[in-house]
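# Examination of the molecular architecture
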2 protein chains.
Amino acid sequence: MDEQRTDNRTDGDDEAEAVSRFVERFAAQLVQAGMTRMPSRVFAALLSSELGALTSAELSEQLKVSPAAVSGAVRYLAQVNLVSREREPGSRRERYRVQGDQWYNALLERDAFLRNWQTTMREGVEQFGLDTPQGRRINDTLEFFLFLEKELGSLMQRWAAHRAEHLGG
Amino acid sequence: MDEQRTDNRTDGDDEAEAVSRFVERFAAQLVQAGMTRMPSRVFAALLSSELGALTSAELSEQLKVSPAAVSGAVRYLAQVNLVSREREPGSRRERYRVQGDQWYNALLERDAFLRNWQTTMREGVEQFGLDTPQGRRINDTLEFFLFLEKELGSLMQRWAAHRAEHLGG
DNA sequence: CGCTTCTTTCAGAAATGTGTGAAGTTAAGG
DNA sequence: CCTTAACTTCACACATTTCTGAAAGAAGCG
């Protein structure tokens, strides 16, 4: 695990600090996007780790938070399919892994999200009726979300294609 | 302002309550999407109003909050271009209006948002280098966001087309 | 030019959210 | 089957956010 630390004892510390800076910046952006703080930090740390996976203890130490905080964060992240939990066989340790290289898929797989929105809009249209300005305005929104739902599918297909191409060529 | 209230004194109240229910539900979803509470409520109220515009006093009364709260909410909404402010000539009253029928454009005009993200990812790639798993993983994310930025433009164009078509035919 | 009406700003109270420590639960290993 | 390591749950303290009331700031109108 140890690298050579004869000449430069601070190498590891500097590296760790640099990683931490990136993790915190990335996490801040996830927070801005609506994710709560601790899940954001855990997720950023996992993404920045060499194996894309860390144990609870490693996360706890790196982020300087209690195991309890890690536990809560991981529970959330697993729920929204951003990380998976692995048991290391022959150990009580658990290992949390970022979901493949396509975690950002989850960002767009907000199907449930879109559905809820559509439901609300439909109710609004029903309530106000298409013969009112409100009703029409809300109906426009509904149609936009229906359109969006359709489009996101094909967008992700194009991404898959784009990505395959760039791997091959 | 008063409607006939001879037969059914509760008509207006029921209507108001129904509107409120929709407003609150819609607002809750905006909150879920990351907007803060009061701006969400104000925005939902505006969208559900007949003219798509209300005065500060009207908002204050309908949402049962202080003028101060309305002021703060509107300031935010104007900043992110979701509402515009109009002065009623010959009155000190201000009228707040939802930005056209295409407010949802704003949802996707998150260019600045995407840019920030890209910047962070680029820094991560630089820091770790493409010869590390982390670096490659983060680079994948960067490319996804670049792809997304490109795609969102054409998506909105298709939406404009779709919409024009449905208006005409 | 002062009066009045509406809006904004600001300090602080109330509500909400977030992380910790301690106790509880599960499962490996002797 | 008991011990012990690891993770989880829960009550509470601390921090942050959010709304209010009061006072100050603009802008029409006499």
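Sequence order sets the numbering: in each chain, residues are counted from 1 along the sequence as written. Labels are handed out in written order, letters beginning with A for the chains and numbers beginning with 1 for the ligands. In keeping with the predicted nature of the model, local features appear solely for residues at pLDDT of at least 70, side-chain atom pairs appear and are counted solely at 80 or more, and the whole-chain, interface and lining totals rest on all residues. In computing side-chain properties, one takes all heavy atoms of the structure into account and sets aside hydrogens as well as water.

As recorded in an unreviewed UniProt entry, chain A goes by MarR family transcriptional regulator and comes from Streptomyces durocortorensis.

## Description of the relation of the copies chain A and chain B
A rotation about some axis, followed by a shift along it, carries one copy of the chain onto the other. Basically, it comes down to this: Least-squares fitting of one copy onto the other uses the C-alpha atoms of those residues that reach a pLDDT of at least 70 in both copies. What makes two residues a contact is simply this: any of their non-hydrogen atoms within 4.5 Å.
Of the two same-sequence chains, chain A is brought onto chain B (RMSD 0.1 Å, axial shift 0.0 Å) by a rotation of 180 degrees. Both chain copies can therefore be described as sitting about a two-fold axis. Using C-alpha coordinates, one finds that chain A approaches the rotation axis most closely at glycine 34 of chain A, a distance of 2.5 Å. Here 100% of the interface residues in chain A have copies in chain B that are interface residues too; the copies meet face to matching face.

## Some details on the interface of chain A and chain B
Counted only if it meets this: Here the quantity called buried area is the total loss of accessible area, with a 1.4 Å probe, experienced by two parts when brought into contact, counted for both. Counted as salt bridges are all cases of a side-chain nitrogen of Lys or Arg within 4 Å of a carboxyl oxygen of Asp or Glu. Any pair of nitrogen or oxygen atoms within 3.5 Å is treated as a polar contact; in protein, a donor-acceptor pairing is required on top of that, and neighbouring residues in sequence qualify only through side-chain atoms on both sides. Strands are runs of DSSP state E lasting at least 2 residues, helices are runs of H or I lasting at least 4, and numbering of each runs from the N terminus. Under the scheme applied, nonpolar residues are Ala, Val, Leu, Ile, Met, Phe, Trp, Tyr, Cys and Pro; charged residues are Asp, Glu, Lys and Arg; polar residues are all the others, including Gly.
The partner chain B presents 49 residues to the 49 residues of chain A that form the contact. Together chain A and chain B conceal approximately 4,600 Å² of surface at their shared face, both sides included; 66% is due to carbon and sulfur atoms. Three residues stand out in chain A for area buried against chain B, namely Phe22, Arg137 and Phe144 of chain A, and they jointly supply 15% of the buried area on that side. Our enumeration of links across chain A and chain B arrives at six salt bridges. For arginine 158 of chain B, the salt bridge goes to glutamate 151 of chain A, with nearest N and O atoms at 2.7 Å. Remark: the boundary between chain A and chain B carries 17 residue pairs in polar contact (both at pLDDT 80 or more). For the side of chain A that touches chain B, the elements supplying multiple residues, two or more each, are helix H1 (11-32), helix H2 (37-47), helix H5 (103-108), helix H6 (111-128) and helix H7 (133-168) of chain A. At 19 residues, H7 of chain A tops the list of elements feeding residues into the side of chain A that touches chain B. For the side of chain A that touches chain B, the class distribution of residues is 27 nonpolar, eleven polar and eleven charged.

## A closer look at the pattern of salt bridges
According to the stated counting rule, one finds 19 salt bridges over all chains in the structure shown. With its nearest N and O atoms 3.3 Å apart, the salt bridge here joins arginine 95 of chain A to glutamate 88 of chain A. A salt bridge links arginine 97 of chain B to glutamate 86 of chain B; the nearest nitrogen and oxygen atoms lie 2.5 Å apart. Of the two residues, arginine 97 of chain B is situated in strand S3 (residues 94-98) and glutamate 86 of chain B in strand S2 (residues 83-87); the sequence distance between them amounts to eleven residues. Among the charged side chains, a network of salt bridges with common partners joins Arg85, Arg87 and Glu94 of chain A.

## Quick look at the protein's contact with DNA strand D
Threshold: Proximity is defined per residue: any heavy atom of the residue falling within 4 Å of a molecule or strand makes that residue near it.
Contacts to DNA strand D come from 19 residues, most closely from Ser71, Arg85 and Glu94 of chain A together with Ser66 and Gly90 of chain B. Per the 4 Å cut-off to the protein, sugar and phosphate atoms form 83% of the nearby atoms of DNA strand D. At 2.9 Å from a phosphate oxygen of DNA strand D is found a main-chain nitrogen or oxygen belonging to glutamate 94 of chain A. One of the backbone N or O atoms of serine 66 of chain B is found 3.0 Å from a phosphate oxygen in DNA strand D. Looking at the surface near DNA strand D, the elements that each hand over two or more residues are helix H4 (67-79) and strand S3 (94-98) of chain A together with helix H2 (37-47) and helix H4 (67-79) of chain B. Take the surface near DNA strand D: its biggest share by element is three residues, from H4 of chain A. For the surface near DNA strand D, the class distribution of residues is six nonpolar, five polar and eight charged.

## What about the packing of H2 of chain A against helix H3 (residues 56-63) of chain A?
All names here are of chain A. To keep it simple, the criterion reads: Angular values range over 0 to 180 degrees, each being the angle between N-to-C directions of two axes fitted as lines to C-alpha atoms, with helices fitted over their stretch in contact. For this classification, under 35 degrees means roughly parallel, over 145 means roughly antiparallel, 65 to 115 means roughly perpendicular, and everything else is oblique.
For the pair H2 and H3, the least separation of the axes is 11 Å and the interaxial angle reads 110 degrees. Considering their axes alone, H2 and H3 lie roughly perpendicular with respect to each other. In this structure, H2 contributes Arg41, Val42, Ala45 and Leu46 to the contact, and H3 contributes Leu59, Gln62 and Leu63. When the residues that make up the contact of H2 with H3 are grouped by side-chain class, the tally is five nonpolar, one polar and one charged.

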